[in-house]
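# Structure at a glance
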Amino acid sequence: MALGEAVHLEIEADGPATITLDQPDRRNALSEAIGTGISEALDEIEGSDARVVRIEGSGGSFSAGGDIERMVEGIENDVPADERVRRLERSTNALIGRVVEFPIPTIALVDGPAVGAGANLAIACDVQLASENAVFGFVFRQVGLSVDAGTSYLLPRIVGENVAKELVLTGDIIDADRAEEIGLVNHVYDAEEFDERVDEFVEKVVSGPPIALRHANRLVGEGLDKSLEQALTDEATAQGIVFDTADHVEGVEAFFEDRDPEYEGR
């Protein structure tokens, strides 16, 4: 399914949904067309029975980040700063927030550059899988800007405050191995094996109990912002919901029958 000319969407019943950023000539920068396309794709997915969302880029890039053409337009047309801030809040910031809070687990597949806001799109996902061709950079300083697109919230939660500060102060581009070393990505795979290893990982998630995993994913994402007491209460509430699912019954029966469970998402 094509969502405009910039984003493509494929949804497999009871399987993964794949969002592909497809403006390779612009290295999949987060243009208005790509941002709108991703948002529309998420709308489609939320109403489907997809169990996991894959986000990838075409043409050898994940995403080159902010729309430089829009920045040039703002400077040449002397667009007021407050209007540019409103544009940012309506577009990139809204998109990152939507991905972070999306109820279905999301996986970034990074096989090439992910820089600036493009790197933030990757780390806004729940899991990051990279090929050895991936590189990452929080390079806002290279265009004379501070950070945006959730950098100050997402990055220190993943790599720690001191490493996050190093990455934004230097604007260094780091390779996949360094990204894995600091915890920015979950796994790095050989380029030749990338698609196969990604499929194996995705299948592990798809084969799990969808309702339970959505609650688990949400609770872990919220955990750093809660007290222990609140976390325990929220976990118990979620278990109360999941106890009543057919998947819980199937999981228990499969355990005692020594077989793989077949979860149906109900």
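Here is a short report on the structure shown in this document.

Procedures and definitions
Residues numbered from 1 in each chain as written. Predicted model: local features only at pLDDT ≥ 70, side-chain atom pairs only at ≥ 80, totals over all residues. Heavy atoms only, no water. Pairing = 2+ DSSP bridges. Helix = DSSP H or I, 4+ residues; strand = E, 2+ residues; numbered from the N terminus. Axes fitted to C-alpha atoms, helices over the stretch in contact; angles between N-to-C directions. Contact = heavy atoms within 4.5 Å. Phe/Tyr/Trp six-rings, centres within 6.5 Å; stacked < 30°, edge-to-face > 60°. Lys NZ or Arg CZ within 6 Å of the ring centre and 35° of its normal. Core = buried A, V, L, I, M, F, W, Y, C linked by side-chain atoms within 4.5 Å. Buried < 20%, exposed > 50% of the residue type's maximum accessible area, 1.4 Å probe, protein only.

## Regarding the sheet that holds strand β8 (residues 135–137)
Two pairing modes exist for strands in a sheet, parallel and antiparallel, and in both the strands are linked by backbone hydrogen bonds. Spatially, β6-β8-β9 is the arrangement adopted by the three strands of the open sheet, whose pairing is mixed. Two strands in the sheet have a free side with no partner beyond their single neighbour: β6 (113–115) and β9 (173–175). Between one strand axis and the next, the sheet turns through 20 degrees on average, direction left out of account. Bridge analysis of β6 against β8 gives three bridges, and the strand direction is parallel. When the bridges of β8 are listed, Ala114 appears paired with Phe136. Strand contacts of helix α4 (residues 117–124): β6 and β8, with the helix running at about 100 degrees to β6, the strand carrying the most contacts.

## A look at the packing of aromatic side chains
On inspection of all chains with the given rule, the structure shows two aromatic pairs. With 5.4 Å between their ring centres and 85 degrees between their planes, Phe255 and Phe256 make a pair best called edge-to-face. If you follow Arg157 out to its NZ or CZ, it ends over the ring of Tyr153, 3.6 Å from the centre.

## Quick word on the nonpolar core
One finds Ile19, Ile38, Ile45, Val110, Leu121, Phe136 and Leu184 to be the most contacted residues of the largest nonpolar core, which totals 50 residues. Beyond its immediate chain neighbours, meaning those up to four positions away, Leu121 contacts Leu21, Leu30, Ile38, Ile55, Phe62, Ile96 and Val99. Val52, Phe194, Val198 and Phe201 belong to the second largest nonpolar core, which has 11 residues in total.

The quantities given are spatial measurements derived from coordinates; they are silent on function.
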